[in-house]
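# Working through the structure, step by step
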Amino acid sequence: MKRFLTLILVLFIFSFLSPLASSDETGRIHFINVGEGDSILLETQGKAALIDTGNLISGPRVVEYLKEKGIEKLNYLIITHPHPDHIGGVFFILPMLKVEEIYDNGQALGGVRKTCAIYRWYEDLVRKRKNYAVLLSGNSLTLGNLTLEVLWPPETPSSSDFNAFSMVIMVRGDGFCCLLTGDLTISGERELLKKGVRLKADVLKVGHHGAEDAASEEFLKAVSPKIAVISVDEDNYWGYPSEKVLERLKKAGVKVYRTDRDGDIVLKIAQISS
């Protein structure tokens with residue numbers, strides 16, 4: 001039986017405290033248990049952003065989860081890449097919640113829209129909206145006291161390899177960083193490493209659900225996370241996460257949480273302001 005339990009992880013970063021600092025305000029990062037797929041909720045100072053929406057089956061559960069948290073409006077809805085286990089929930093979210101701004105990576109869909117109806121529906125529902133735009137490397141968004149910095153992709157992807165150009169977002173707060181990698185694979189990781197992008201983060205959302213083609217040793221060394229989160233379905237068809245990835249994380253001394261074992265994972269972050 002799947003467990004939909006919420007695991008509260010309180011991360012107090014004491015090393016950044018000063019006599020003028022306070023930790024009254026908190027932000028939360030929710031890794032929602034959507035089974036197969038990703039859906040990540042950021043909330044802080046009365047504002048909310050959702051990054052990916054799970055699959056078609058889990059879409060209603062994402063809406064229910066948001067409403068249970070009192071969220072009736074999303075400031076941002078961001079799709080990292082257009083695989084069905086990341087876009088599926090959008091068909092339930094947009095009719096049920098107000099969304100101020102919608103973004104994705106602009107991935108070209110001409111090669112798949114004729115053979116798979118979900119991509120035609122997605123373009124009609126999302127990309128034809130006036131509040132839709134593309135996010136690329138160098139763009140950033142402000143959500144309360146959090147900054148969402150887009151690190152990847154550098155340009156609108158035309159490749160049929162959706163995962164290699166999955167959007168990568170660094171969530172920054174005062175004294176805290178969380179790297180969200182969507183389904184980024186090792187080829188994309190290598191490009192980020194070549195660019196010399198600062199990747200160090202306290203928390204890493206492991207790319208591609210912990211598949212063997214993600215989370216290389218070099219990438220993990222650059223990120224040096226304390227905590228890693230893997231969004232993955234219980235007894236899933238693909239056999240994720242890879243034992244090799246789990247071993248790399250163990251070798252790096254990273255504490256691993258998984259939605260298939262731990263249910264919803266919520267990081268409560270002490271926001272430190274001066």
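If you're wondering where the values come from, they're calculated on a predicted model, not measured in any experiment.

## Concerning the sheet that holds strand 8 (residues 140-143)
- What the seven strands build is an open sheet, ordered 8-9-10-11-12-13-14; its pairing is mixed. In this open sheet, the two edge strands, each paired with only one partner strand, are strand 8 and strand 14 (255-258). Direction aside, neighbouring strands of the sheet carry axes that sit 20 degrees apart on average.
- The sheet contact formed by strand 12 (residues 203-205) and strand 13 (residues 227-230) spans three bridges and is parallel. Pairing of Lys205 across the sheet is with Val229, part of strand 13.

## Considerations on the side chain of Glu189
- Relative to the helices and strands, Glu189 resides in helix 5 (residues 186-195).
- Buried and unpaired, Glu189 has Arg248 as its nearest opposite-charge partner, separated by 7.0 Å.
- Among the polar contacts made by the side chain of Glu189, one reaches the main-chain amide nitrogen of Ala215 at a distance of 2.6 Å.
- Contacts of Glu189, omitting those with residues within four sequence positions, involve Leu184, Ala214, Ala215, Ser216 and Phe219.

## Re the packing of aromatic side chains
- Overall, the coordinates contain five aromatic pairs when judged by the stated rule.
- Grouping aromatic residues by their ring pairs yields a cluster made of Tyr237, Trp238 and Tyr240.
- Residue placement shows Lys69 over the ring face of Tyr65; its charged tip is 4.9 Å from the ring centre.

## Description of helix 4 (residues 117-127)
- All of the buried residues in helix 4 are Ile118, Tyr119, Tyr122, Glu123, Val126 and Arg127. Each buried residue of helix 4 sits inside an arc of 140 degrees when the element is viewed along its axis, so together they form one side.
- Here the buried face of helix 4 lies against helix 2 (84-87), helix 3 (90-96), strand 6 (98-104) and strand 7 (132-134).

## Thoughts on the confidence of the model for the protein chain
- Averaged over the protein chain, the pLDDT score is 89; the fraction of residues at 70 or greater is 89%.
- The low-confidence segment residues 1-24 (pLDDT under 50) makes 52 contacts with residues lying over four places distant or belonging to another chain.

## Describing the state of the cysteines
- Applying the stated criterion across every chain yields a total of zero disulfides.
- Free of any disulfide, Cys178 has its nearest cysteine sulfur in Cys177, 8.9 Å distant.
- Accessibility expressed as a relative area gives 0% for Cys178, which makes it buried.

## Observations regarding the side chain of His208
- In this fold, His208 is placed in the loop between strand 12 and helix 6 (217-223).
- A relative accessible area of 10% places His208 in the buried class.
- A distance of 3.5 Å separates a polar atom in the side chain of His208 from a polar atom in the side chain of Tyr240.

Reading the values: the criteria
- Residues numbered from 1 in each chain as written.
- Predicted model: local features only at pLDDT ≥ 70, side-chain atom pairs only at ≥ 80, totals over all residues.
- Heavy atoms only, no water.
- Pairing = 2+ DSSP bridges.
- Helix = DSSP H or I, 4+ residues; strand = E, 2+ residues; numbered from the N terminus.
- Axes fitted to C-alpha atoms, helices over the stretch in contact; angles between N-to-C directions.
- Buried < 20%, exposed > 50% of the residue type's maximum accessible area, 1.4 Å probe, protein only.
- Lys, Arg positive; Asp, Glu negative; His and termini not counted.
- Salt bridge = Lys/Arg side-chain N within 4 Å of Asp/Glu carboxyl O.
- Polar contact = N/O pair within 3.5 Å; in protein donor to acceptor, adjacent residues only side chain to side chain.
- Contact = heavy atoms within 4.5 Å.
- Phe/Tyr/Trp six-rings, centres within 6.5 Å; stacked < 30°, edge-to-face > 60°.
- Lys NZ or Arg CZ within 6 Å of the ring centre and 35° of its normal.
- Arc of directions from axis to C-beta.
- pLDDT = per-residue confidence, 0-100.
- Disulfide = S-S within 2.5 Å.

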